[in-house]
Amino acid sequence: MLNIAVFASGNGSNLEVLLNTPFKNGKIALVVSNNPKAYALERAKNHQIPSIAIPRCDYPSQQAFEECILKHLKEHHIDCIVLAGFMLILSPFFIQHFPNKIINVHPSLIPAFCGEGFYGIKVHEAVLQYGVKVSGASVHFVNEIVDGGQIIAQKAVSISKQETPQSLQKKISALEHKLLPKGVQILINQTIQAKRK
Ligand code: GAR
């Protein structure tokens, strides 16, 4: 059984879906948040899953912050990581500890409307401002390029004339809830294969 850590900064609706999904050969073993007020932490408690809040501002540097996260991941024997609404960018120092073992869900059709500064509702605002007619959700591997790793799964939605950032967020969130569990199972399968090599 692989141990999976889910990183979430806010509501945690994606986390909730993962907590309710039975995975083959893997389980959610830890929830990490940079935000002590994240509702995601509450969701973890409700499912009796260990959780920890590690605010970035408690640490003098990004590396010190990430070293603290790594220490907790080691304590919980974490094999792979899912970024599910984690609003901080992890540095190459952190990522190299989990090569091809971190996935992320992003609320647009990568490579559009992604990268630094594109997160949460800001993505949907930018999409509507540009006037594109479709958007969607992407699940991808995390490498040192922000939102630049290999795409695992993507789904599109069309944008209606009366669309608002909030209505688009709702539509795309529903897509994410379908895509992310599939992405997590692929992550588990690939991690197990890599272990065997
Ligand atoms: C999701 O839409 C996720 O794609 C997005 O934050 C939301 C979190 O929702 N992530 C990013 O924007 C990261 N770049 P949730 O807390 O309800 O799961």
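See the structure above.
These numbers were taken from a predicted model, which means no experiment stands behind them.

Basis of the calculations
Per chain, residues are indexed from 1 in the order of the written sequence. Residue-level local features of this predicted model are given only where pLDDT is at least 70; pairs of side-chain atoms are given and counted only at 80 or more, and the full residue set underlies all totals for whole chains, interfaces and linings. Hydrogens and waters are ignored; side-chain quantities use all the structure's heavy atoms. The rule is short: rings of Phe, Tyr and Trp, with Trp giving its six-membered ring, pair when the centres are within 6.5 Å, and they are stacked under 30 degrees, edge-to-face over 60, tilted in between. In DSSP terms, a helix is any run of H or I states spanning at least four residues, a strand is any run of E spanning at least two, and both are numbered starting from the N terminus. Working convention: axes come from line fits to C-alpha atoms, limited for helices to the stretch in contact. Angles between N-to-C directions cover 0 to 180 degrees. Handedness of each helix crossing follows the sense of rotation of the near helix against the far helix: counterclockwise by less than a right angle gives left-handed, clockwise gives right-handed. Here, two residues are considered to be in contact whenever any of their heavy atoms come within 4.5 Å of each other. Under the scheme applied, nonpolar residues are Ala, Val, Leu, Ile, Met, Phe, Trp, Tyr, Cys and Pro; charged residues are Asp, Glu, Lys and Arg; polar residues are all the others, including Gly. Helix span is expected to be 1.5 Å times the residue number reduced by one. Relative accessible area decides the class of each residue, using a 1.4 Å probe on protein chains only: under 20% of the type maximum gives buried, over 50% gives exposed, and in between gives partly exposed. What qualifies as a polar contact is a pair of N or O atoms within 3.5 Å, subject to a donor-acceptor requirement within protein and to the restriction that residues adjacent in sequence count only when both atoms come from side chains. Each salt bridge in this description consists of a side-chain nitrogen of Lys or Arg and a carboxyl oxygen of Asp or Glu lying within 4 Å of one another. A molecule or strand has a residue near it when one of that residue's heavy atoms lies within 4 Å. Using a 1.4 Å probe, accessible areas were evaluated by the Shrake-Rupley method; residue-level cover was limited to the displayed protein chains.

K.L.:
What am I meant to see in the packing of aromatic side chains here?
P.N.:
Two numbers describe a pair of aromatic rings. These are the distance of the centres and the angle of the planes. This model, assessed by the stated rule, comprises six aromatic pairs. For the ring pair Phe 113 and Tyr 130, a centre distance of 5.9 Å and an interplane angle of 80° mean the geometry is edge-to-face. With a gap of 17 residues between them, Phe 113 in the loop between strand E5 (102-106) and helix H5 (121-130) and Tyr 130 in helix H5 connect regions that are remote in the sequence. Grouping aromatic residues by their ring pairs yields a cluster made of Phe 7, Phe 86, Phe 94 and Phe 98.

K.L.:
Which parts of the structure should I look at to understand the packing of H5 against helix H6 (residues 165-196)?
P.N.:
With their axes 9 Å apart at the nearest point, H5 and H6 run at an angle of 115° to one another. For the pair H5 and H6, the sense of crossing is right-handed. Contact residues: H5 offers Ile 121, His 124, Glu 125, Val 127 and Leu 128, while H6 offers Pro 165, Gln 166, Leu 168, Gln 169 and Ile 172. Along the lines of polarity and charge, the residues of the contact of H5 with H6 split into six nonpolar, three polar and one charged.

K.L.:
Looking at this model, I keep getting lost on helix H3 (residues 62-75). Mind explaining?
P.N.:
For H3, with 14 residues, the first-to-last C-alpha span of 20 Å sits near the 20 Å given by 1.5 Å per residue. Of all the positions in H3, only Phe 65, Glu 66, Cys 68, Ile 69, Leu 70, His 72 and Leu 73 are classed as buried. On its buried side, H3 packs onto strand E1 (2-7), strand E2 (26-33), strand E3 (51-53), strand E4 (80-83) and helix H4 (92-95). In the stretch just after H3, His 77 is the one whose phi turns positive, near 55°.

K.L.:
So what exactly am I meant to see when it comes to the side chain of His 106 here?
P.N.:
On the secondary structure map, His 106 appears in strand E5. A relative accessible area of 3% places His 106 in the buried class. Among the polar contacts made by the side chain of His 106, one reaches the main-chain carbonyl oxygen of Phe 113 at a distance of 2.9 Å.

K.L.:
How should I be thinking about the pattern of salt bridges in this particular structure?
P.N.:
Considering all chains together, one arrives at three salt bridges under this definition. With a shortest N-O distance of 3.4 Å, Lys 195 and Asp 79 are connected by a salt bridge. Here Asp 79 lies in the loop between H3 and E4 and Lys 195 lies in helix H6, a separation of 116 residues in the sequence. Judged by its relative accessible area of 17%, Asp 79 is buried. Of the charged contacts, one joins Glu 163 and Lys 171 as a salt bridge, the two residues approaching to 2.5 Å between their closest N and O atoms. Residue classification places Lys 171 among the partly exposed residues on the basis of a relative accessible area of 31%.

K.L.:
Help me understand the site of the ligand, please; the structure alone is not making it clear to me.
P.N.:
Among the 13 residues in the neighbourhood of the ligand, the closest are listed as Gly 12, Ser 13, Asn 14, Gly 120 and Glu 176. The contact in question runs from an oxygen atom of the ligand to an N or O atom on the side chain of Asn 14, over 2.9 Å. Between the ligand and Glu 176, the relevant distance is 2.5 Å, taken from an oxygen atom to a side-chain nitrogen or oxygen of the residue. Protein chains bury 89% of the 450 Å² of accessible surface belonging to the ligand in isolation. Of the residues belonging to the shell around the ligand, the class tally is five nonpolar, seven polar and one charged.

In short, the description is geometric, and any link to function would need to be established separately.
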